[in-house]
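# Descriptive structure summary
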Amino acid sequence: MKLTNPTSIQVGLLGMGTVGTGVFNVLMRNQSEIMRRAGCGIEVTMVADLDTERAKSLVGPNVQVVADARAIIANPDIAVVVELIGGYGIAKQLVLEAIEAGKHVVTANKALLAVHGTEIFAAAQRKGVMVAFEAAVAGGIPIIKALREGLSANRIEWVAGIINGTTNFILSEMRDKGLDFDVALKEAQRLGYAEADPTFDIQGVDAAHKAALMSAIAFGVPVQFEKAYIEGITALGAQDIRYAEQLGYRIKLLGITKKTAKGIELRVHPSLVPAKRLIANVEGAMNAVMVHCDALGTTLYYGKGAGSEPTASAVIADLVDIARLNTANAAQRVPYLAFQPDAIDNTPVLDMGQVVTSYYLRLNVADEAGVLASVTSILAKLDISIDAVLQREADEVGGEGATQTDLIILTHDCVESQMNLALAQMQQLTTVLSPITRIRKEELV
Ligand SMILES: NC(=O)c1ccc[n+]([C@@H]2O[C@H](COP(=O)([O-])OP(=O)(O)OC[C@H]3O[C@@H](n4cnc5c(N)ncnc54)[C@H](O)[C@@H]3O)[C@@H](O)[C@H]2O)c1
Ligand SMILES: N[C@@H](CCO)C(=O)O
Ligand code: NA
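Within an unreviewed UniProt entry, the label attached to the protein reads Homoserine dehydrogenase, and the organism entered is Polaromonas vacuolata. What UniProt records for the protein under Sequence similarities (unreviewed entry) is the sentence "Belongs to the homoserine dehydrogenase family."

## So, the UniProt feature "binding site: NADPH" (unreviewed entry) in the protein
Listed under "binding site: NADPH" (unreviewed entry) in the UniProt record, and renumbered for this structure, are K110. Inspection of the secondary structure puts K110 in helix α6 (residues 110-127). Overall, K110 belongs to the buried group, with 28 C-beta atoms counted inside 10 Å. Apart from residues no more than four positions distant in its own chain, K110 is found in contact with A136, V137, H209, K210 and L213.

## Here we look at the site of ligand 1
Near ligand 1 lie 27 residues; those nearest to it are G15, G17, G86, A108 and A306. Considering each element in turn, the shell around ligand 1 owes the most residues, three residues, to helix α1 (residues 18-29). Considering only residue class, the shell around ligand 1 consists of 14 nonpolar, ten polar and three charged. For the shell around ligand 1, the two domains that each supply at least three residues are domain 1 (8-140 + 309-343) and domain 2 (143-304).

## Regarding the sheet that holds strand β6 (residues 131-132)
Strand order across the open sheet formed by six strands is β3-β2-β1-β4-β5-β6, with parallel pairing between neighbours. Every interior strand has two partners, whereas the edge strands, β3 (64-66) and β6, have only one. Relative to the sheet, helix α3 (residues 52-59) contacts β2 (41-48) and β3, its axis offset from that of β3 by approximately 160 degrees.

## Quick word on the confidence of the model for the protein
Mean pLDDT over the protein works out to 94, with 98% of the residues at or above the 70 mark. Overall, residues 1-5 carries pLDDT values under 50, and its contacts beyond four positions in sequence, including any with other chains, amount to nine contacts. Complex prediction metrics read pTM 0.94 and ipTM 0.99.

## Quick word on helix α13 (residues 308-325)
An α-helical segment advances 3.6 residues per turn. Residues three or four places apart therefore align on the same side. If you check α13, its first and last C-alpha atoms are 26 Å apart, about what 18 residues at 1.5 Å a residue would give, namely 26 Å. Across the 18 residues of α13, 13 count as buried, placing the element largely inside the fold.

## Considering the pairing of strand β10 (residues 264-274)
Of all the eleven residues making up β10, ten are buried; the element is thus mostly covered by neighbouring parts of the structure. Pairing between strand β8 (residues 229-230) and β10: two bridges, direction parallel. Directly across from I230, in β10, lies its bridge partner V268. Of the pairings in the sheet, the one linking strand β9 (residues 249-259) to β10 comprises eleven bridges and is antiparallel in character. Bridge pairing in β10 places L254 opposite H269. Linkage of β9 to β10, two consecutive antiparallel strands, is achieved through a turn of four residues. Bridge count between β10 and strand β17 (residues 437-441): two bridges; the pairing is parallel.

Calculation criteria
- Residues numbered from 1 in each chain as written.
- Chains lettered and ligands numbered in written order.
- Predicted model: local features only at pLDDT ≥ 70, side-chain atom pairs only at ≥ 80, totals over all residues.
- UniProt positions renumbered as here; feature names shortened; annotations may be inferred.
- Helix = DSSP H or I, 4+ residues; strand = E, 2+ residues; numbered from the N terminus.
- Buried ≥ 20, exposed ≤ 12 C-beta atoms within 10 Å, placed from the backbone.
- Contact = placed C-beta atoms within 7 Å.
- Near = placed C-beta within 6 Å.
- Nonpolar A, V, L, I, M, F, W, Y, C, P; charged D, E, K, R; others polar.
- Domains from an automatic or database assignment.
- Pairing = 2+ DSSP bridges.
- Axes fitted to C-alpha atoms, helices over the stretch in contact; angles between N-to-C directions.
- pLDDT = per-residue confidence, 0-100.
- Expected span 1.5 Å × (residues − 1).

Okay, here's the thing in structure tokens:
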């Protein structure tokens, strides 16, 4: 849509919660600086929220507040709709209706784009409008901009990131302060980091939404959240965090996407990361994304991935882009998924069994002769080579007189399906006393 008033672009906000409030406040506070950058004013003239009284108290008398978001979409003066409601329900309908009405859309809703992105981008393409979503991945960090524009000379080889602040906060609090999982989660919710449904955070689903978006943009493939392998942090034991430290590693929930000769890896799971890597030292709710490319090598993007104003920063950057590009021919704009729509290819996403990585294994075993040999011979027969072994004294693990102990094994790279076979065989040994813990290990070089 062309601007009706080129001196000011009119914006409608759908949802005046944590992010909506941040967008409104930062736009007001930095109005003149933003105008100097955008070349025109960016003005929120309408806000929709179910709680109109609360929204009115936040925006004051100069902004029209409505309960029905469709009143914003119906207003011909509104050029851009910012969707900050969340979820796949009404948010999806409103985004599609806004596109249909010829509005540009900005959204922070990674769940929506990860699951329905293909449909939404196709609709936007047909209507010649923009759909911008910097806030959807790693919040305020300009990672979409970096992948789509800053790195466009490169063949991107892999992307690995701490892209969920809630889980990184929980892991940090558990390691540093010995806090219980539930206490740390409640604190993350209080600080406004967690999703409306926090199981999305702790089960790795939110990180997988973001990883699927980064995978599409890095490799020029459709958004394929449904093919992601997802494992959260709920099964992580405090002892694994400790053992990892003793071996020189930290455990982080990583979202990883990698292009290999066979296809694309797309996975989220707890990972051992060498403690000396910068990314291993990203603590609290902070996010960080590593990108490895052929020409530039490795870069690291670090900052706040959640919270009211950090996320607003990304939403407003998209508004500035839209204000600047509004007059450009639709065909010449930066493509939604970084690659031209007819250049998106169908490189397959690999099944988790085909992924190659290294592993941390913790086996609770009987403290008797021959146990280590029986375990290592299974690995040797399956061609899995061992990097390091840590065997605790039984009394260190279980107290004086204990008859069982922990055996920790770090392996070199092998195919996941081979490791699955090894785990099944090791689990059968009568000297292996409880389910084996397996955590993947990423050297990130
Ligand atoms: N909070 C963060 O730090 C953060 C960071 C990045 C992305 N996001 C994403 O941003 C979006 C918004 O998150 P949030 O934390 O601001 O959520 P929130 O729950 O604080 O705000 C949502 C707001 O939408 C309103 N709402 C619900 N249904 C509505 C409807 N039908 N019409 C109008 N308003 C309606 C609610 O009343 C609420 O005020 C989500 O997609 C979330 O995943 C949030
Ligand atoms: N729940 C998300 C919010 C930002 O997307 C997080 O914890 O990182
Ligand atoms: Na971002």
